[in-house]
Amino acid sequence: MGGALDVNEFVAGYLVEVEEHLSASTANLLAAEAALRGGESSPKAIRELFRALHTIKGLSAMVGVEPIVDLAHAMETVLRAADRAAGSLSAASIEVLLRGLRSIEERARALAEGKPVLPAAPELLAALNALDLAAAPSPPVPIIGADPEILAKLGPGERVQLAQGVAGGRRALRVDFVPSPARTAEGVNITTVRERVGKLAEIVKVIPLSVPASDGAPGGIAFALLVLTSATDEEIARAAAADGVRALTVEPPVPPAVAALAEREPDEPADREPQLRGVVRVEVARLDDALDKLSALVVTRFRLARAAAELRARGVDTRDLSEILREHDRTLRDLRGAIMRARMISVAELLERVPLVVRGLGRATGKQVRLEIDAGKAELDKAVAERVFPAIVHLLRNAVDHAIEPPAERRRLGKPEEGVVRVSCFERSSNQLELSVADDGRGIDRALVARRAGRPAPESDAALLDLITLPGLSTLDKATKTSGRGLGMDIVRRIAVEQLSGELSVSTSPRAGTTFTLRIPLTLTIVDAFSFLCGDQLFVTPVAGVEEVVEIDAARIIRGPAPGEARGGAMSPALGEARGGTRLPAPGEARGGTMLIERRGEVVPLVDLGALFELGASPARRALVVRRHGAPFAFGVTRVIGQQEVVVRPLEDPLVRVPGVSGSTDLGDGRPTLVLDLVTLSGRVSAGRGGRGALARVAS
């Protein structure tokens, strides 16, 4: 054999495993706390938490991280006692266990950063060892009607879990699976049976049984699966490759001593078999490299298309080449989709840390807060997810610290003492995600915000958002540990609007609550974009930000107030009257200021993009319509060329970074083409901050 084993090569994989198990552990511990508040036990969550920590301990011992081994072992002891108490934990135990999880996370982070891993804190180990679980409320253990061999291996936790399932309207069943060479040849084993049954039922326990060897059971072994399900017997039997199923009777609980029923279990339960999940872990750097290679292919495609166009202009027959190019386009789009899917993570995974954040905020502020999360099946590019998560945290802090009232105030207002914060998201299109953070708190006091900012009270939500995102603005007189420094909402705006080229909006009602909504792209690197001309200058803009492309009818252009006359999005009287259904002003009725166009009875401000960029006089024949804070805004352009995939490269030089310009791209001619963020640009124009000189310099 070779030399000594170098565990350093396993550290990267170890850290990924520990992160996953810590995330699952936190979720299960919070589930146990929620059950405790409801006066129930949580046997399943306790067992899953025990298994996760047992795995962390084994992995840490393998790579020699002894401080984590010590912490995980001490926490295991607490959880084993809780499992014998039918899944009951005291509030004090949950607090100490959360400290233990944070301590493990800190040491794993130190290992990842190459820093020394500190020993486990003696006071934390002492607190874990001193936990008195005897005082924890232990629910009466129900009586399960099953064979003695099954009952001997069924602990109090599993019994309570079965009883809770039956009380919830499901049936408790026993399903026997007998492995054989024939079934193994067909790919049917205990692992595949668990996977198939797990889709139809909650598996409470899998118990290996010794049976007499026979033709039907040549190995002399069988597995009894105890499950809770609403599926039919036939569906369960078919999934388990079993001849039939048997119902388990669950009688009302009786109060015998839990200790008399507790059975010692081995450190690793016998029914836990390795499960192949069909997942390959890939470093993000490798995915980034694949995306870079794809980006080069996209640019090469532009060059091929340009070369083919030049050949056609010279009279060369390029029909075969055009067909190859079309097939190449389809293949490239499929490849892009495959790589992007590999980079996507579920939003539910992104929000796994949110419950712990809200719990900590609630305890720090002394408020009772219930968190509701609806992530659906939405997915997000990992790079976007990493950028947007700090914005979500700031919005949660804002909701708990500023919006949710203290319990006494909520009682006085006739509200439940427990406030609600709801995080929800869904995909608005194939390339945009909408994420909202809502609360049922006091709402935003417009007058207070205006006084703090030294501005007039905002009349619209859009104008209010402009105020609360001012750097340094806070409605608190004194900064706390969680907020009050006037940076949170400014950071949210910069992440959502400037970094991600998305949109941020707010809706608030006094005493009813506030909702912040972020609309962000699913990915940033390769996007679908419109290319267009302003004079002779070529630009592109992401399709996700454009609501419509319309023709400009010169006879219908009217004049309105100058940009900035109604700052912060407030409508001018003429514009408000037009939206209210009165007649549109005739061309020439208003002189000077912003141009306006009519679109399906709606008046839309129109800005000539070529004039804004000082690109010379050129008639605008098309308009790209975008929406900011729900209000439409149109940019006039000379000609829209088409829609295509482009590779967006950020502008790194601070001298050329301008709000409204999100990056550059190469369309195959070797020259950089600016990528415009028209939503951000519309906000600056509306507020009279177009930055014409800077935009003109970048455009040139």
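In case you missed it, the structure is sitting above this.
These notes cover the structure that comes with them. A quick note: this is a predicted structure, and the numbers were derived from the prediction, not measured.

**Overview of the overall build of the protein chain**
Here is step 1: Helix and strand counts for the protein chain come out as 24 helices and 24 strands.
Here is step 2: Put simply, the protein chain has 700 residues, and 45% of those count as buried.
Here is step 3: A separation of at least 24 residues holds for 71% of the contacts in the protein chain among residues at least 6 apart in sequence.
Here is step 4: For the protein chain, the computed accessible surface area is about 34,600 Å², with 53% contributed by carbon and sulfur atoms.

**Remarks on the sheet that holds strand β22 (residues 639-647)**
Here is step 1: Spatial ordering of the open sheet is given by β22-β14-β15-β24-β23, a layout of five strands whose pairing is mixed. Each of the sheet's edge strands pairs with one partner strand only, and the pair in question is β22 and β23 (661-666). With direction set aside, neighbouring strand axes in the sheet form an average angle of 35 degrees.
Here is step 2: Summarising the sheet, strand β14 (residues 526-534) and β22 pair through eight bridges and their orientation is antiparallel. Its bridge partner lying in β22, Phe 532 is registered against Val 640.

**With respect to the nonpolar core**
Side chains of nonpolar character tend, in soluble globular proteins, to be buried together.
Here is step 1: In this structure, Leu 380, Leu 396 and Leu 518 are the most contacted members of the largest nonpolar core, which totals 48 residues.
Here is step 2: In terms of residues, this core owes the most to one element, helix α16 (residues 382-403), which gives 11 residues.
Here is step 3: Counting 34 residues, the second-largest nonpolar core is a separate cluster that includes Leu 49, Val 63, Ile 104 and Leu 124.

**Points about the sheet that holds strand β20 (residues 622-628)**
Here is step 1: With mixed pairing, six strands are arranged side by side in an open sheet as β16-β20-β21-β19-β18-β17. The open sheet has two free edges, formed respectively by β16 (548-551) and β17 (558-559), since each of these has just one partner strand.
Here is step 2: Relative to strand β21 (residues 631-637), strand β19 (residues 602-608) runs parallel, the two sharing three bridges. By the bridge assignment, Val 607 is partnered in β21 with Phe 635.

**Concerning the pattern of salt bridges**
Opposite charge on two side chains permits pairing when their charged atoms draw close.
Here is step 1: Going through the model one piece at a time under the given rule, you end up with 43 salt bridges.
Here is step 2: Across the salt bridge formed by Lys 415 and Glu 405, the nearest N and O atoms sit 2.8 Å from each other. Remark: Glu 405 occurs in the loop between α16 and α17 (407-412) and Lys 415 occurs in the loop between α17 and β10 (419-429); sequence separation between them is 10 residues. The pair formed by Lys 415 and Glu 405 is uniform in burial state, with each residue classed as buried.
Here is step 3: Put simply, Glu 417 and Arg 411 hold a salt bridge, and the shortest N to O gap is 2.8 Å.
Here is step 4: With a relative accessible area of 48%, Arg 411 lands in the partly exposed category.

**Concerning the packing of helix α4 (residues 91-112) against helix α5 (residues 122-129)**
Packed helices, taken two at a time, are described by their axes: the angle between them and the distance between them.
Here is step 1: Their axes nearest at 10 Å, the elements α4 and α5 cross at an angle of 140 degrees. Two packed elements cross with a definite hand, and for α4 against α5 that hand is left-handed. Counted together, Val 96, Leu 97, Arg 99, Gly 100 and Ser 103 of α4 and Leu 124, Ala 127 and Leu 128 of α5 form the full contact between these two elements.
Here is step 2: Residue classes in the contact of α4 with α5 are distributed as five nonpolar, two polar and one charged.

**Considering the environment of Ala 120**
Here is step 1: Structurally, Ala 120 is set in the loop between α4 and α5.
Here is step 2: Ala 120 gets classed as buried once you look at its relative accessible area, which sits at 11%.
Here is step 3: With near-sequence residues (within four places) excluded, Ala 120 lies in contact with Pro 67, Leu 71, Arg 107 and Leu 125.

**A word on helix α2 (residues 43-63)**
Structural remark: α-helix, 3.6 residues per turn; residues separated by three or four positions point the same way.
Here is step 1: Taking 1.5 Å of rise per residue, the 21 residues of α2 would be expected to cover 30 Å, and the 31 Å separating its terminal C-alpha atoms lies within 8% of that figure.
Here is step 2: Most of α2 is tucked away: 15 of the 21 residues are buried.

**Examining unusual backbone geometry**
Here is step 1: You will see that Ala 241, though not glycine, has its phi angle at about 55 degrees, which is positive.
Here is step 2: Along the chain, Ala 241 falls in the loop between α10 (233-239) and β5 (245-247).
Here is step 3: Phi is positive for Arg 511, close to 70 degrees, though the residue is something other than glycine.
Here is step 4: Here Arg 511 is to be found in the loop between β12 (503-509) and β13 (513-521).
Here is step 5: Residue class for Arg 511 comes out exposed when judged on its relative accessible area of 59%.

**Some thoughts on the pairing of strand β24 (residues 672-676)**
Each regular strand carries side chains that alternate between the two faces of the sheet.
Here is step 1: β24 sits mainly inside the fold: four of its five residues count as buried.
Here is step 2: Bridge count between strand β15 (residues 537-542) and β24: two bridges; the pairing is parallel. Bridge pairing links Val 540 to Val 675 in β24.
Here is step 3: As paired elements, β23 and β24 share five bridges and run antiparallel to each other. Of the residues in β24, the one forming a bridge with Asp 666 is Pro 672.

Conventions we followed
- Residues numbered from 1 in each chain as written.
- Predicted model: local features only at pLDDT ≥ 70, side-chain atom pairs only at ≥ 80, totals over all residues.
- Heavy atoms only, no water.
- Helix = DSSP H or I, 4+ residues; strand = E, 2+ residues; numbered from the N terminus.
- Buried < 20%, exposed > 50% of the residue type's maximum accessible area, 1.4 Å probe, protein only.
- Contact = heavy atoms within 4.5 Å.
- Areas by Shrake-Rupley, 256 points an atom, 1.4 Å probe, with all protein chains shown as cover.
- Pairing = 2+ DSSP bridges.
- Axes fitted to C-alpha atoms, helices over the stretch in contact; angles between N-to-C directions.
- Core = buried A, V, L, I, M, F, W, Y, C linked by side-chain atoms within 4.5 Å.
- Salt bridge = Lys/Arg side-chain N within 4 Å of Asp/Glu carboxyl O.
- Left-handed = near helix turned anticlockwise from the far one by under 90°.
- Nonpolar A, V, L, I, M, F, W, Y, C, P; charged D, E, K, R; others polar.
- Expected span 1.5 Å × (residues − 1).

By themselves these figures say nothing about function.
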